[in-house]
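# Examining the three-dimensional arrangement
Here is what each chain is made of, one letter per residue.
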Amino acid sequence: VAHPTTGTISSASFHPQQFQYTLDNNVLTLEQRKFYEENGFLVIKNLVPDADIQRFRNEFEKICRKEVKPFGLVVMRDVTILKSEYTPSEKMTTKVQDFQEDKELFRYCTLPEILKYVECFTGPNIMAMHTMLINKPPDSGKKTSRHPLHQDLHYFPFRPSNLIVCAWTAMEHIDRNNGCLVVLPGTHKGSLKPHDYPKWEGGVNKMFHGIQDYEENNARVHLVMEKGDTVFFHPLLIHGSGQNKTQGFRKAISCHFASADCHYIDVKGTSQENIEKEVVGIANKFWGDENSMDLKDIWMFRARLVKGERINL
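Presented here is a report on the structure given in the accompanying data block.

Rules and cut-offs
Residues numbered from 1 in each chain as written. Predicted model: local features only at pLDDT ≥ 70, side-chain atom pairs only at ≥ 80, totals over all residues. Heavy atoms only, no water. Pairing = 2+ DSSP bridges. Helix = DSSP H or I, 4+ residues; strand = E, 2+ residues; numbered from the N terminus. Phe/Tyr/Trp six-rings, centres within 6.5 Å; stacked < 30°, edge-to-face > 60°. Lys NZ or Arg CZ within 6 Å of the ring centre and 35° of its normal. Buried < 20%, exposed > 50% of the residue type's maximum accessible area, 1.4 Å probe, protein only.

The 4 strands are arranged β5-β13-β8-β11 in an open sheet whose pairing can be described as antiparallel. The open sheet terminates on both sides in strands that have one partner only, identified here as β5 (147–150) and β11 (221–222). Looking at chain direction, strand β8 (residues 181–183) and β11 are connected through 2 bridges and run antiparallel. By the bridge assignment, Val 183 is partnered in β11 with Val 221.

What follows covers the packing of aromatic side chains. One pass over the structure, following the stated rule, counts 10 aromatic pairs. When the ring of Phe 156 is compared with that of Phe 158, the centres are 5.1 Å apart and the planes differ by 10°; the resulting orientation is stacked. An aromatic cluster is built from Tyr 36, Tyr 117, Phe 121 and Phe 232, whose rings are joined through pairwise contacts. Taking NZ or CZ as reference, Arg 33 lies 3.9 Å from the ring centre of Phe 19, over its face. The cationic tip of Arg 302 hangs over the ring face of Trp 299; the distance from NZ or CZ to the ring centre is 4.5 Å.

Across a regular strand the side chains alternate sides, sitting on one face of the sheet and then on the other. Burial of strand β7 (residues 164–170) is extensive: 7 of the 7 residues sit out of reach of the surface. Side chains Ile 164, Cys 166, Trp 168 and Ala 170 of β7 all project onto a buried face; the interleaved residues Val 165, Ala 167 and Thr 169 project onto the opposite face, where all are buried too. The pairing of β7 with strand β14 (residues 250–259) spans 7 bridges and is classified as antiparallel. Bridge assignment links Ala 167 to a residue of β14, and that residue is Cys 255. Bridging between β7 and strand β12 (residues 230–233) involves 4 bridges; their strand directions are antiparallel. Note on β12: the bridge partner recorded for Thr 169 is Thr 230.

Encoded structure:
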């Protein structure tokens, strides 16, 4: 288990009946379970082999060069280069998401090494719900390579939150210089907070919502990771990432998993209604069919069974 290099973390004493966020199996040690229960995240060192990471990198480069065009894939660029002239290359692509139809990238979501740990949080029936490969660019000077502090559950119209987990794997050395993840330990025990676009002078990337109200004195932990290290974290954990101050591109691959026992909810009238409107609007524009999809349709399109039986999702 990789221990964070900055910030304060705690490991309280638990009795087995007090575990809320991890499930009984023989994968996590008692200390690992205690750590996740108290802090809301857990880093496993050297989990994904170098050979797999190289394959993901090669496929990403093919996508950037438009040599492959997976169905449904969303390619994103930084707001500072969005309207500029460009030739297809990895320098112009900051993220690809929804790669469930790309067999090579989707291999990440089916790796036994990953699912072995995912099952500790979701149980044996596992759905891959949301996929991303992040290519954080060198910051242009406007600090747009930052990602505001947020909770992933803001984007998800399914519950319960305790049966959802993110697996996020470093594809190279990641530290504060190139924009590592920063987490606020223990915030997974709180509730979902209202999110919206932060008021940043240099601009904000599309759908980079941030928490509008959080305790600024909360301890922060910066996750310094090596290639292949993987952090698993709860969808209510407050986290973000800093700007990339280097000249290289910082890569990571991730998937949000959920138990197939989870169920969809209607977010109308809740703090998630703003992201629902934005996601649905973008999706309908992407598919060229106004008002044809709702939020549940979008998530059902993304969801893939990766282990066990499909139940609700």
